[in-house]
Amino acid sequence: MRRTRRGSLTVDREILRLAVPAFLALVAEPLFLLADAAIVGHLGTPSLAGLGIAAAVLQSAVGLCVFLAYGTTASVARRIGAGDPRGALVQGVDGIWLAVVIGSLTTALGVPLSGWLVGLFDPAPATGQAAATYLRLAFFGVVPLLVMLAGTGVLRGLQDTRTPLAVAVAGNLLNVALNLALVYGLGLGIAGSALGSDLAQLGAAAALVAVVVRGARRAGASIRPDLAGVRGAARAAVALVVRTLTLRASLLVMTSSAAALGTTAVATHQLAATVWTFLAFALDALAIAAQAITGRSLGAGDLLTARTATRRMVAWGLVAGVSTGVALAVAAPALGALFTPDPAVRDLLTPVLLTAAVFQPVAGVVFVLDGVLIGAGDGRYLAWAGIAVLAVFAPLAWLALHLERSGRTTSDVPGLVWLWVVFGFAFMGSRAVVLLHRAHGSRWMVTGA
């Protein structure tokens, strides 16, 4: 009994050692993005709106490449667990070169297509011009952005989440300073904001690469591009790309359904989604710890530690979900006033946030198990599970929308609240079912490098 308790405490300390710096790094990013928005916002509404459009395009392109962090974390951690630090660094370097290849292709396509991409949003002329200017320059920062993802994944796989935190904070502080200097000091306007971000991302990417290169040389690993290794990393990434696409498609269904309910509903949904995403950072930090610990344990062939760590991380996820849920429920009535003076949006936001609060414990478990299976390299199952969840959620979301718009609902509950209820039960609930089913078995527990 004492040995079991001591083992659980050791796992708990390991989870906290990895998760706390990861959480701080995750939270730093949106806080500094708010600073960017504030700087550009003082240039006028068209510039701010243009930044919003450009950011949506850029985040969609970069978001699909999150596998560069997740997949690299899992593969590097597995090699570390297997006692092969040289192999771990080789795989990490392959991931960075893959980021360079994907980033270069994205830049080559994105720069000439910037105007067309912005035009898809049908913006006003001044807004469209600002968005195209920002986006065209911002595409030059995609390679550093993706290298940052891959470099962060390498270090997390090496069980180091502190270095990515230090680089994230330093890079974002540099970003704010450069934005102020270029936007206002040199009078470059929104173009200065894009250039400042590009330079800050380049600096952060260089810092992460320097750490990885130093580790590779110490381990005797080559830093030259290996075509076979890069192709292998790309093939392994396909399943995680499918998983990410299904998640983004589900969120797109939510946004489009909210938009169909009217201006008040979509504005409220945007605020609720922003709050929900911010709370997700706390849960995602546990998922990052799960990726690193699971990969290392399975690489070492230690099934007992992998199973024990999974149970402990699920418990942590549940506690974190309950905590964020309670905090959200308490804060819900007051949050509306922080975001908008519109009384209709405020009144609708409170029940939506209370609905989201109810499902936070489920989200805590889902995020952790997602991280466990990514760490185990179980991407194919996650891809099929994502497709299944989307197939369940999308029709139910559209059904809820149809019933609301046709006036067939008899309750006084607003349509957006029903939409979030469906999101909780059909999306988060379905994800919990498929992930718990997989974690309960042992097919994901493949050992070795």
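Residues numbered from 1 in each chain as written. Predicted model: local features only at pLDDT ≥ 70, side-chain atom pairs only at ≥ 80, totals over all residues. Heavy atoms only, no water.

When helices and strands are tallied, the protein chain shows 15 helices and 0 strands. Relative to its length of 449 residues, the protein chain is compact, with a C-alpha radius of gyration of 22 Å against a globular reference of 22 Å. Here the protein chain holds 449 residues, and the buried ones make up 50% of them. Relative to all contacts within the protein chain whose residues are 6 or more apart in sequence, the contacts with residues 24 or more apart total 84%. Of the roughly 20100 Å² that the protein chain leaves accessible, carbon and sulfur atoms contribute 68%. One way to put it: in the protein chain the 31 positive side-chain charges average out to a point 12 Å from where the 18 negative ones average out. (Helix = DSSP H or I, 4+ residues; strand = E, 2+ residues; numbered from the N terminus. Rg over C-alpha atoms; globule rule 2.2 N^0.38 Å. Buried < 20%, exposed > 50% of the residue type's maximum accessible area, 1.4 Å probe, protein only. Contact = heavy atoms within 4.5 Å. Areas by Shrake-Rupley, 256 points an atom, 1.4 Å probe, with all protein chains shown as cover. Lys, Arg positive; Asp, Glu negative; His and termini not counted. Charge placed at Lys NZ, Arg CZ, Asp CG, Glu CD.)

Next up on the list: the side chain of Thr246. For Thr246, the position within the fold is in helix α9 (residues 227–260). Here Thr246 is in contact with Gly386, Ile387 and Leu390, once residues within four sequence places are set aside.

Before going further, it helps to examine the pattern of salt bridges. In total, this model carries 4 salt bridges according to the counting rule given. Across the pair Asp370 and Arg243 runs a salt bridge whose closest N-O atoms are separated by 2.6 Å. Taken together, the positions of Asp370 in helix α13 (residues 360–375) and Arg243 in helix α9 put the pair 127 residues apart, joining distant regions of the chain. A relative accessible area of 8% means that Asp370 is categorised as buried. (Salt bridge = Lys/Arg side-chain N within 4 Å of Asp/Glu carboxyl O.)

To continue, consider the environment of Leu240. As for its placement among the helices and strands, Leu240 is situated in helix α9. Note: C-alpha distance between Leu240 and Val66 (174 residues apart in sequence) is 8.5 Å. Among residues more than four places away in sequence, those in contact with Leu240 are Phe67, Tyr70, Gly71, Ile374 and Gly379.

With that out of the way, let us pick up unusual backbone geometry. Despite not being glycine, Gln159 shows a phi value in the positive range, around 70°. Turning to its location among the elements, Gln159 is positioned in the loop between α6 (142–157) and α7 (162–185).

Turning to the environment of Asn179, a few remarks are in order. Relative to the helices and strands, Asn179 resides in helix α7. Classification of Asn179 by relative accessible area gives buried; the value is 0%. Ignoring anything within four residues of it in the chain, the contact list for Asn179 reads Asp36, Ile39, Tyr184, Ser193, Gly196 and Ser197. Side-chain polar atoms of Asn179 contact the backbone oxygen of Asn175, separated by 2.8 Å. (Polar contact = N/O pair within 3.5 Å; in protein donor to acceptor, adjacent residues only side chain to side chain.)

Moving on to the packing of helix α3 (residues 67–81) against helix α10 (residues 263–299). Relative orientation of the contacting elements α3 and α10 amounts to 35°, with a least axis distance of 6 Å. Crossing of α3 over α10 shows right-handed handedness. Judged by residue contacts, Tyr70, Thr73, Ala74, Ala77, Arg78, Ile80 and Gly81 of α3 engage Asp284, Gln291, Ala292, Gly295, Arg296, Leu298 and Gly299 from α10. In terms of residue class, the contact of α3 with α10 is made up of 6 nonpolar, 5 polar and 3 charged. (Axes fitted to C-alpha atoms, helices over the stretch in contact; angles between N-to-C directions. Left-handed = near helix turned anticlockwise from the far one by under 90°. Nonpolar A, V, L, I, M, F, W, Y, C, P; charged D, E, K, R; others polar.)

Let us look at α3. In a regular helix each residue adds 1.5 Å, so 15 residues correspond to 21 Å; α3 covers 20 Å between its end C-alpha atoms and thus fits that length. The element α3 is largely enclosed, with a buried count of 11 among its 15 residues. Residues Phe67, Leu68, Ala69, Tyr70, Thr72, Thr73, Ala74, Val76, Ala77, Arg78 and Gly81 constitute the buried set of α3. Looking at the buried residues of α3, the elements they touch are α4 (85–119), α6, α9, α10 and α13. One or two steps after α3, the chain reaches Gly83, where phi turns positive at roughly 75°. (Expected span 1.5 Å × (residues − 1).)

What follows concerns the nonpolar core. Counting 121 residues, the largest nonpolar core has Phe393 and Trp420 as the members making the most contacts within it. Looking at which element gives the most residues to this core, the answer is α10, with 16 residues. With sequence-adjacent residues up to four places away left out, Phe393 is seen in contact with Ser250, Val253, Met254, Val422, Phe423, Ala426 and Phe427. (Core = buried A, V, L, I, M, F, W, Y, C linked by side-chain atoms within 4.5 Å.)

A separate point is the side chain of Arg307. One can find Arg307 in helix α11 (residues 303–339). No salt bridge is formed by the buried Arg307; the nearest opposite charge belongs to Asp302, separated by 11 Å. Sequence-distant contacts of Arg307, defined by excluding residues within four places in its chain, comprise Ala439, His440, Gly441, Ser442, Trp444 and Met445.

Another aspect to go through is the packing of aromatic side chains. All told, the structure shown has 6 aromatic pairs when counted by the stated rule. Plain terms: the ring middles of Phe359 and Phe425 are 5.1 Å apart, the flat faces sit at 80° to each other, and that makes the pair edge-to-face. With a gap of 66 residues between them, Phe359 in the loop between α12 (343–358) and α13 and Phe425 in helix α15 (residues 415–440) connect regions that are remote in the sequence. Its relative accessible area of 13% is what places Phe359 among the buried residues. Taken together, the ring pairs in this structure connect Trp276, Phe393, Trp420, Phe423 and Phe427 into an aromatic cluster. (Phe/Tyr/Trp six-rings, centres within 6.5 Å; stacked < 30°, edge-to-face > 60°.)

Topologically, Leu399 is positioned in helix α14 (residues 379–405). Linking Leu399 and Leu251, residues 148 residues apart in sequence, is a C-alpha distance of 16 Å.

So, about α12. With 16 residues, α12 extends 24 Å from end C-alpha to end C-alpha; this agrees with the ideal 22 Å at 1.5 Å per step. Turning to α12, its buried residues number three or more, namely Val345, Leu348, Leu349, Thr350, Val352, Leu353, Thr355, Ala356 and Ala357.

Close reading of the predicted structure is inappropriate where its pLDDT is low. Counting all residues, the mean pLDDT for the protein chain is 83, and 93% of those residues have values of 70 or more. When pLDDT is averaged over each helix and strand of the protein chain, the minimum, 70, is found for helix α1 (residues 2–41) and the maximum, 91, for α13. (pLDDT = per-residue confidence, 0-100.)

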